[in-house]
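Residue-level listing of the chains:
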Amino acid sequence: MKDTCGAAWPVCDRVAGCILGSESYSEGRFPGRQQLIVQLKEASTVKVSLFLEDVTAAGSETVMLFHEEGCRARIRRATEGRAVLDVMERQGAFTEEAELTGVGDHLIEFESDMQARYIVKVDVTPLRNR
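Here the structure is a predicted model, which is why all the values come from computation and not from measurement.

A. The nonpolar core, seen in detail. Core analysis: the largest hydrophobic core is formed by 28 residues, its most contacted members being Leu36, Val46, Leu50 and Leu52. For this core, the secondary-structure elements that each account for two or more residues are β4 (25-40), β5 (44-57), β6 (61-67), α1 (81-91), β8 (94-100) and β9 (104-126). With seven residues, the single largest contributor to this core is β9. When sequence neighbours within four positions are dropped, the list of residues in contact with Leu36 reads Ala16, Cys18, Leu20, His106, Leu107, Ile108, Phe110, Val120 and Val122.

Structural data, given as structure tokens:
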């Protein structure tokens, strides 16, 4: 189910456009940034996948930030522009993941200076299922 991410959900001291789960996705354009929420009921691995289309420039860097609930901590993943496209060509999507331990709303932010359209999808796997 597509989410336009046009809402205004308060999270930490910011606003996210949507709450994504395993049944939904969103679309957007780079260059730019998007903020979304992932809701966790237990400690989990959160994997964010970007499916890129119409790429006209690799850009210099793509950054993904995974925040714990309440933004008490964050995990930053940065990938050099060309490497993002190399991963996408090999695997069909560019993915980053992080283990988040808190229960509740988690802010996920990503931004890139590449020129492309994207579809973003989130997968959540409880740590106990590993």
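B. Representation of the environment of Leu127 in the model. Position of Leu127 relative to the elements: it lies in the segment after β9. Distance from Leu127 to Ser44, taken between C-alpha atoms, is 4.7 Å for residues 83 residues apart in sequence.

C. The arrangement of the state of the cysteines in detail. For the structure on display, the rule yields two disulfides. Covalent S-S linkage joins Cys5 and Cys18, the inter-sulfur distance amounting to 1.8 Å. You can see Cys5 sitting in the segment before β1 (9-11) and its partner Cys18 sitting in strand β3 (residues 18-19), a full 13 residues away along the chain. Residue Cys5 is classed as buried on the basis of its relative accessible area, which comes to 15%. In this model, Cys12 is linked to Cys71 through a disulfide, with the two sulfur atoms separated by 1.9 Å.

D. Representation of the side chain of Glu109 in the model. Tracing the backbone shows Glu109 in strand β9. Exposure remark for Glu109: the relative accessible area of 4% places this residue in the buried category. Here the side chain of Glu109 touches Arg33 through a polar contact of 3.2 Å, side chain to side chain. In this view, Glu109 contacts Arg14, Arg33, Gln34, Gln35, Val63, Met64, Leu65 and His67; residues no more than four positions away in its chain are not counted.

What counts and how
- Residues numbered from 1 in each chain as written.
- Predicted model: local features only at pLDDT ≥ 70, side-chain atom pairs only at ≥ 80, totals over all residues.
- Heavy atoms only, no water.
- Core = buried A, V, L, I, M, F, W, Y, C linked by side-chain atoms within 4.5 Å.
- Buried < 20%, exposed > 50% of the residue type's maximum accessible area, 1.4 Å probe, protein only.
- Helix = DSSP H or I, 4+ residues; strand = E, 2+ residues; numbered from the N terminus.
- Contact = heavy atoms within 4.5 Å.
- Disulfide = S-S within 2.5 Å.
- Polar contact = N/O pair within 3.5 Å; in protein donor to acceptor, adjacent residues only side chain to side chain.

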